[in-house]
Amino acid sequence: MRYSKLFGKTVREANSDATLVSHKLLYKAGFIRESTAGRYFFLPLGIRVQDKVMKVIEDAMNDAGAQKMITPVLHPLELWKETNRTNTTGFELMKVKDRRGAEFALGGTAEEMFVDVVRNMHLSYKDLPINLYQFSTKFRDELRARGGLLRVREFVMKDAYSFHTSEEDFRKEYEKMADTYTKIFNTLGLKTFKIESDNGYIGGEYCHEFVVESEIGESKYLVNESGDYAAHEEVAKFDRDNKNVDEKEKELKEVDAKRGNTMEDGVEFHKLPLWQQLKDVMFVDENGRFVLALLRGDYSVNETSLKHLIKANDLRPATDDEIRSVLHSEPGFISPVGIKEGKEPIVGLVIVADISLRTVKNFYGGSNKKNKDLLNVNIDRDFKADLEGEIALAEDGFMYKGSKLTVKKGIEVGNIFQLGYHYSSLMKGAQFVDNDGTLKNYYMGCYGIGLGRTLATIVEVHNDEKGIIWPSVVAPYNVHVVGLDKDLEKEVESLVKELEKNDIEVLWDDRSDVSAGQKFADADLIGIPVRLVLSKKSKEKGGVELKERGKSEVEIIKIGDVVSKVKSLLSK
């Protein structure tokens, strides 16, 4: 490919809203351009990289026994209604109508579509297990698109769905997919951590994200010192250390407390440790139910865990007005002691206690009255919890099974999780004929990789101050050829043809109106693995100047040795 004819040239500056390295470099190097917010054009260089990322994924999935297919982009809305996902997707569903008035969803994920095609095949246990995958455009009406290709509203995704006779059969495929994903990301030059994560309303114990450690990542996770435990902060476990559990329970007292509304104000006023203060956080769920979360003062609420425990989809903080007018309490002075007594039945308040309340005796905290606190509050004696569980957030430095946890940030590039019987039980006829002749629901798994997000992550990892450094497996071209003297053009063209004849992809900078320095700068910015320079100077030294991207060394290669040398470098 002649650079002079390439659609999408380098530019000196990225657009003003680009803050991440990948966004800036992909824009400046001519790989992408934004259409509307969160939707991108992949220019010729960009689509070549994405196609190669896709090829790595496809080869690995095929090797694992998965089968490629494709579903329509428009999903009949009645399928989403079967599973009630018109209300519970976790993202805003985009809908359209055709001229007949039929309603469709623009696919954000494709569980319903795959279940629909499989159920209409009327399979038996002999046909199982199967793993079906596709590369298709997904639509997410994100509230705020940001980070270039890392959070967008339209993107290509590899999504796969497996169908099984049982959970035991699913577990085998799950492990196979975990190994396959590690292989895929290693091939792409990405070191990933497989971390336990949340499976949303579906629940279940099989759910992992594959993350690449990065300070710009949105996934916060915790790892122990030995590295054999890694979990997203939403599901990470930790040990609650006992504080004063041997202390005798003291008499409950109400005292004057003219203080501010924060936990720090309580510590300062009472001159007692933060861990002994009772933290009371009031929420409201999607059905208007009030939820009082209780935990030790030195812990924070894990809203994901809390939602699972109370079986809610959404939570929001209760307003000051709701706390006063509905619950007859006082912001900053909420207490579980007596909050339910004498209230109208319509309140519907659920009190949820973290297990850390069993590690402390004689808590202090609010009394549901302004400027009044309670001392020596104890669970069971002074109040009852409706539910008790692990609703505290794991944090840096906490311990789990004798090992200290460290918080890290990472970019999620893939995820695998169980669907179980969730979709097959909701969609009528999603059953197979078992060996005893009975109909049974499919047990399912799901496996996803976002291609654009993965591409951007490769750039976040592989770059320097000059530009991108593509791993050879996904580079848009194998070799960047630069000719510096007009009268050597025929020799440069002959070199290009020889490389291409040997299946080496070449981007040839044939421009005659720019300096050598500009050509070299553009080559570094674009990031192709090998740069070859043919000039009078290189000929005088014996051939062609070769430089690997990311290395400073330059060597001279004889013309006749170029092909074998390049192939050797690309095969590393």
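Preceding this paragraph is the structure being described.
Note that the structure is a prediction, hence the values are computed from the model and not measured. Position labels on residues start from 1 in each chain and follow its written sequence. With the structure being a predicted model, the display of local features is reserved for residues of pLDDT at least 70 and the display and counting of side-chain atom pairs for 80 or more, all residues being used for whole-chain, interface and lining totals. As a convention, hydrogens and water are excluded, and side-chain values are obtained from all of the structure's heavy atoms.

Glancing now at the sheet that holds strand 30 (residues 530–534). Here the rule is simple: two strands pair whenever DSSP picks up at least two bridges between them. Working definition: helices are DSSP H or I runs of at least four residues, strands are E runs of at least two. Numbering for both runs from the N terminus. Here we have 5 strands laid out as an open sheet, ordered 29-28-30-31-32, and mixed in their pairing. Both outer strands of the open sheet, strand 29 (506–509) and strand 32 (554–557), are each paired with one neighbouring strand and no more. With direction set aside, neighbouring strand axes in the sheet form an average angle of 25 degrees. Relative to strand 29, strand 28 (residues 479–483) is paired through 4 bridges, and the arrangement is parallel. When the bridges of strand 29 are listed, Val 481 appears paired with Trp 508. Helix axes use the C-alpha atoms of the stretch in contact, all axes being lines fitted to C-alpha atoms, and the angles between their N-to-C directions lie in the range 0 to 180 degrees.

With that settled, consider the pattern of salt bridges. A side-chain nitrogen of Lys or Arg and a carboxyl oxygen of Asp or Glu constitute a salt bridge if their distance falls within 4 Å. Per the counting criterion, the structure on display carries 53 salt bridges. As a salt-bridge pair, Glu 154 and Arg 39 come within 3.4 Å of each other at their nearest N and O atoms. With Glu 154 in strand 8 (residues 154–164) and Arg 39 in the loop between strand 1 (32–34) and strand 2 (40–42), this residue pair connects regions lying 115 residues apart in the sequence. Notably, a salt bridge pairs Asp 98 with Arg 100, separated by 2.6 Å at the nearest N-O pair. On the basis of relative accessible area, Asp 98 is assigned to the partly exposed category, the value being 26%. Each residue is assigned to one of three classes by its accessible area relative to the maximum for its type, calculated with a 1.4 Å probe on protein chains only: buried under 20%, partly exposed between the two thresholds, exposed over 50%. Of the residues examined, Arg 100 reaches a relative accessible area of 65% and is grouped as exposed. The network of salt bridges with common partners includes Arg 2, Lys 486, Glu 489, Glu 493, Lys 497 and Asp 510.

Our next topic: the environment of Phe 42. Its location among the elements puts Phe 42 in strand 2. Note: C-alpha distance between Phe 42 and Phe 417 (375 residues apart in sequence) is 30 Å. Any pair of residues with heavy atoms lying within 4.5 Å of one another is described as a contacting pair. The residues touching Phe 42, leaving out its near neighbours within four places in the chain, are Phe 31, Ile 47, Gln 50, Leu 149, Gly 452 and Leu 455.

Moving on, we come to the packing of helix 2 (residues 44–63) against helix 5 (residues 167–187). Running from N to C, helix 2 and helix 5 cross one another at 150 degrees; their axes reach a closest spacing of 10 Å. The angle between helix 2 and helix 5 places the two elements in the roughly antiparallel class. Where helix 2 crosses over helix 5, the two elements pack in a sense that is right-handed. Only Met 177, Thr 180, Lys 183, Ile 184 and Thr 187 of helix 5 make contact with helix 2, whose side of the interface consists of Val 56, Ile 57, Ala 60, Met 61 and Asp 63. Note on angle classes: values under 35 degrees are labelled roughly parallel, values over 145 roughly antiparallel, values of 65 to 115 roughly perpendicular, and the remainder oblique. Should the near helix be turned anticlockwise from the far one by less than a right angle, the crossing is termed left-handed; should it be turned clockwise, right-handed.

With respect to topology, 3 strands assemble into an open sheet ordered 4-6-5, the strand pairing being antiparallel. Of all strands in the sheet, those bounded by a partner on one side alone are strand 4 (74–76) and strand 5 (94–97). Across this sheet, the average inter-strand angle for adjacent strands is 40 degrees, counted without regard to direction. Here strand 5 pairs with strand 6 (residues 103–106) via 4 bridges, running antiparallel. Its bridge partner lying in strand 6, Val 96 is registered against Phe 104.

To continue, consider empty space enclosed by the protein. Rolled over the atoms, a probe as big as a water molecule pinpoints where empty space is left. Put plainly, a pocket is an open set of points on a 1 Å grid over the protein atoms alone with protein on both sides within 12 Å along at least five of seven lines, a cavity is a set where a 1.4 Å probe fits but cannot get out, and a lining residue has an atom within 4 Å of a point. Grid points are joined across faces, edges and corners, and a volume is the space filled by probe spheres set on the points. This structure, assessed with the given rule, holds 2 cavities of 30 Å³ or more. Quantified by volume, the largest cavity comes out at close to 70 Å³. Residue lining of the largest cavity: His 480, Ala 523, Asp 524, Ile 528, Val 530, Arg 531, Lys 547, Glu 548 and Arg 549, and that is the complete set. All residues other than Ala, Val, Leu, Ile, Met, Phe, Trp, Tyr, Cys, Pro, Asp, Glu, Lys and Arg, Gly among them, are scored as polar; the first ten of these are nonpolar and the last four charged. The residue inventory of the lining of the largest cavity, partitioned by class, reads 3 nonpolar, 1 polar and 5 charged. Computed from the structure, the second largest cavity encloses a volume of approximately 50 Å³. In terms of residue count, strand 7 (residues 130–139) provides more of the lining of the second largest cavity than any other element does, 4 residues in total. Per-class residue counts for the lining of the second largest cavity are 2 nonpolar, 6 polar and 1 charged.

Relative orientation of the contacting elements helix 2 and helix 10 (residues 451–461) amounts to 105 degrees, with a least axis distance of 10 Å. Put simply, helix 2 runs roughly perpendicular to helix 10. Two secondary-structure elements touch here, helix 2 through Gly 46, Val 49, Gln 50, Val 53, Met 54 and Ile 57 and helix 10 through Leu 451, Gly 452, Thr 454, Leu 455 and Ile 458. Each residue belonging to the contact of helix 2 with helix 10 can be placed in one class, and the counts come to 7 nonpolar, 4 polar and no charged.

The next point concerns the side chain of Arg 85. Tracing the backbone shows Arg 85 in the loop between helix 3 (77–82) and strand 5. Side chain to side chain, Arg 85 and Thr 109 meet in a polar contact 2.7 Å long. In protein, a polar contact requires one atom able to donate a hydrogen and another able to accept it; more generally it is a pair of N or O atoms within 3.5 Å, and residues adjacent in sequence count only if both atoms are side-chain atoms.

Peptide bonds are mostly trans, and most non-glycine residues show a negative phi. Residue Pro 129 is reached from Leu 128 by a cis peptide bond, and omega for that bond is 0 degrees. At Lys 271, a position not held by glycine, the phi torsion is positive, near 55 degrees. Its location among the elements puts Lys 271 in the loop between helix 6 (263–270) and strand 14 (278–285). The phi torsion at Lys 401 lies on the positive side, around 50 degrees, for a residue other than glycine. With respect to the helices, strands and loops of the structure, Lys 401 is situated in the loop between strand 21 (399–400) and strand 22 (403–420).

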